[in-house]
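Here's the letter readout for the chains.
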Amino acid sequence: MIICTIFKSPRKDEMYLYVDKREQLIRVPDVLIEMFGTPSHLMDMPITGKRKLARVDVEKMLADIAEKGFYLQMPPPKEDYLLDLFPNRPETGVR
């Protein structure tokens, strides 16, 4: 079991960074922090291999934290039907 600290990205909705609470962001590469944005602390949570999380493979998360020092949860893919709601919307913003 580890106590995991979860950070939320200010740049991308539903992107989260999981790290060991004892290490915090020490092993997270600077390039990732740059892309992620200034991490915003979301919560601390005890994690075991038996725990279930909604969109995270807990065993992979634990392995990545042990090996790399972090686990990055990417946002879910957008549904195709949502992308077609406003096909004529300009690229630079809302009409």
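The structure this text deals with has already been given above.
Each chain has its residues counted from 1, following the order in which its sequence is written. Confidence filtering applies because this is a predicted model: local features only for residues at pLDDT of at least 70, side-chain atom pairs given and counted only at 80 or more, and all residues used for totals across whole chains, interfaces and linings. The basis for every side-chain value is the complete set of non-hydrogen atoms in the structure, without hydrogens or water.

Draft legend 1. Examining the overall build of the protein more closely. In terms of helices and strands, the protein carries three helices and four strands. Relative accessibility thresholds used throughout: buried, under 20% of the residue-type maximum; exposed, over 50%; partly exposed, between the two (1.4 Å probe, protein chains only). By residue count, 29% of the 95 residues in the protein fall in the buried class. The long-range fraction of contacts in the protein, counting pairs at least 24 apart against all pairs at least 6 apart in sequence, stands at 57%. Secondary structure elements are defined from DSSP: runs of H or I of at least 4 residues count as helices, runs of E of at least 2 residues count as strands, and each element is numbered from the N terminus. In this description, contact between two residues means that some pair of their heavy atoms is separated by no more than 4.5 Å.

Draft legend 2. Quick look at the pattern of salt bridges. Salt bridge, as applied in this entry: a Lys or Arg side-chain nitrogen positioned within 4 Å of an Asp or Glu carboxyl oxygen. Tallying each qualifying case throughout the model produces six salt bridges. Linked through salt bridges whose partners overlap, the residues forming this network are K60, D64 and K68.

Draft legend 3. Geometry of the packing of aromatic side chains. Stacked, edge-to-face and tilted are the three classes for Phe, Tyr and Trp ring pairs, Trp counted by its six-membered ring, which pair at centre distances within 6.5 Å; planes under 30 degrees apart are stacked, over 60 edge-to-face, the rest tilted. In total, this model carries one aromatic pair according to the counting rule given. A ring pair is formed by Y18 and Y71, whose centres lie 5.8 Å apart and whose planes are at 65°; its orientation type is edge-to-face. Separated by 53 residues along the polypeptide, Y18 in strand β2 (residues 16-20) and Y71 in strand β4 (residues 71-73) bring together distant segments of the chain. Both residues of the pair, Y18 and Y71, belong to the buried class.

Draft legend 4. Broad picture of the environment of E14. Among the structural elements, E14 can be located in the loop between β1 (2-8) and β2. When the C-alpha atoms of E14 and M74 are compared, they prove to be 6.9 Å apart, with 60 residues separating the residues in sequence. If sequence neighbours within four positions are ignored, E14 has contacts with R55, Q73, M74, P75 and P76. Reaching out from E14, the side chain makes a polar contact with the side chain of R55 at a distance of 2.9 Å. Here a polar contact is recorded for every N or O atom pair within 3.5 Å, except that within protein the pair must consist of a potential hydrogen donor and a potential acceptor, and residues adjacent in sequence are included only if both atoms are side-chain atoms.

Draft legend 5. Geometry of the pairing of β1. Counting buried positions along β1 gives five out of seven residues, so the element sits mostly inside the fold. In terms of strand pairing, β1 meets strand β3 (residues 40-47) through seven bridges, oriented antiparallel. Bridge pairing in β3 places I2 opposite I47. As paired elements, β1 and β2 share five bridges and run antiparallel to each other. If you follow F7 over to β2, its bridge partner there is L17. Any two strands are treated as partners once DSSP identifies two or more bridges connecting them.

Draft legend 6. Region of interest: the side chain of T5. Tracing the backbone through its elements, the reader meets T5 in strand β1. Of the residues examined, T5 reaches a relative accessible area of 0% and is grouped as buried. Within the structure, T5 has its side chain in polar contact with the side chain of D44 (distance 2.8 Å). Beyond its immediate sequence surroundings of up to four residues, T5 is in contact with L17, Y18, V19, K21, Q24, H41, M43 and D44.

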